[in-house]
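# Summary of the model geometry
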Amino acid sequence: MRRRLVAGNWKMHGSRASIQALLGSILAGLGDAGGAECAVCVPYPYLQLVAERLKGTRIAWGAQNVSEHAQGAYTGEVSAAMLAELGCKYALVGHSERRQLYGETDAQVAAKFAAAHGAGLTPILCVGETLAERDAGRTDEVVARQLDAVLAKCGKEAVAKSVVAYEPVWAIGTGRTASPGQAQAVHAFARKRLAPATRILYGGSVKPDNAAAIFAMADVDGGLIGGASLAAEDFLAILRGAGSAG
Ligand code: 13P
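Reading the values: rules and limits
Within any chain, residue numbers begin from 1 and follow the written order of that chain's sequence. Predicted model: local features are reported for residues with pLDDT of at least 70 only, side-chain atom pairs are reported and counted for 80 or more only, and whole-chain, interface and lining totals are derived from all residues. Water and hydrogen atoms were dropped before computing side-chain values, which therefore reflect all heavy atoms in the structure. The numbering of helices and of strands both runs from the N terminus, where a helix is a DSSP run of H or I of at least 4 residues and a strand a run of E of at least 2. The classification of residues rests on relative accessible area computed with a 1.4 Å probe and restricted to protein chains. Under 20% of the type maximum is buried, over 50% is exposed, and intermediate values are partly exposed. Charge convention: Lys and Arg are scored as positive, Asp and Glu as negative, and His as well as the terminal groups of each chain are ignored. Any carboxyl oxygen of Asp or Glu within 4 Å of a side-chain nitrogen of Lys or Arg constitutes a salt bridge here. Note on contacts: a residue pair is in contact if any heavy atoms of the two residues lie within 4.5 Å. Among the buried residues, those of types Ala, Val, Leu, Ile, Met, Phe, Trp, Tyr and Cys that are joined through side-chain atoms within 4.5 Å form a nonpolar core. The term polar contact refers here to a pair of N or O atoms within 3.5 Å; inside protein, the definition further demands a hydrogen-donor-capable atom paired with an acceptor-capable atom, and it admits residues adjacent in sequence only when both atoms are side-chain atoms.

### Examining the side chain of Glu133
One can find Glu133 in helix H6 (residues 131-135). Despite its burial, Glu133 remains without a salt bridge, the nearest opposite charge being carried by Arg138 at 4.5 Å. Not counting residues within four places of it along the chain, the set of residues in contact with Glu133 comprises Arg138, Thr139 and Val142.

Structure representation (structure tokens):
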């Protein structure tokens, strides 16, 4: 049985004050939020704050990106060892915004995955097709290519110890969610390439009113939540949806 995980990706949002308030509200409501695992991936400058606030709670924390390099002259980059030192459990790797806006390639994403895994972090590997790729019938091919780059470099076992997130680019921040059936189809396709124990999250406009139906799909093991993770009530409702489904 794969344990469900609901991870918030706060992207480039928040301030010290808003994050203190958000964490306070999430922690206050966590008792009724079911048994799914929970994590938040926060901007680098807030990792220390989040680590102090969440230590000893059941919410894990992580970063939204990580360097593929161990150390050196890479101005502005943050290594996996630095994140591990801050108590990060997770690091997002290959989010579509990184791929699209910052030109991260499959090879670079695989190197980032290897760096994170090697430092003892749990990478959350994001994959997913654009709308043009879906409309061209290329969804499976794109997801396979993105997964295979990491599988070839790191192997199935490393990926099984990590987390994969299927996030169709056309569903991110658009309010247009993949239907439960569309998500399940891609998850089932991805799972064929992965070890059976690999957790595969769905991400893309997950909200309280659609979460339970998506999480009820056989190959959906939880969610990666953007906008709705910035509102404590919505995030808690999605967590409850993960706890009740399946
Ligand atoms: P939204 O939930 O805002 O669509 O974002 C999804 C996402 O990109 C999570 O990583």
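### Observations regarding the nonpolar core
The biggest cluster of nonpolar side chains holds 67 residues, and the ones touching the most others in it are Ile26, Val40, Leu83, Leu125, Leu147, Tyr202 and Phe215. Sorting elements by how many residues they give to this core places helix H11 (residues 232-244) first, with six residues. Setting aside its immediate chain neighbours within four residues, Leu125 contacts Val93, Arg99, Val109, Phe113, Leu147, Val150, Val163, Val164 and Ala165. Core analysis: the second largest hydrophobic core is formed by 13 residues, Ala7, Ala39, Cys41 and Val163 among them.

### Digging into the side chain of Asn65
Here Asn65 is to be found in the loop between strand S3 (59-63) and helix H3 (80-85). The exposure class assigned to Asn65 is buried, which follows from its relative accessible area of 9%. In this structure the side chain of Asn65 is engaged in a polar contact, spanning 2.8 Å, whose partner is the side chain of Lys112. Not counting residues up to four positions away in its chain, the partners in contact with Asn65 are Tyr44, Leu83, Leu92, Arg98, Glu104 and Lys112.

### Structural notes on the pattern of salt bridges
Opposite charge on two side chains lets them pair, provided their charged atoms get close. If you walk through the whole model with that rule in mind, you get 13 salt bridges. Glu37 serves as the salt-bridge partner of Arg3, at 3.2 Å between the closest nitrogen and oxygen. Taken as a pair, Arg3 in the segment before strand S1 (5-9) and Glu37 in strand S2 (residues 37-41) lie far apart in primary sequence, 34 residues in all. With its nearest N and O atoms 2.8 Å apart, the salt bridge here joins Arg134 to Glu129. Glu129 sits in the buried class, given a relative accessible area of 0%.

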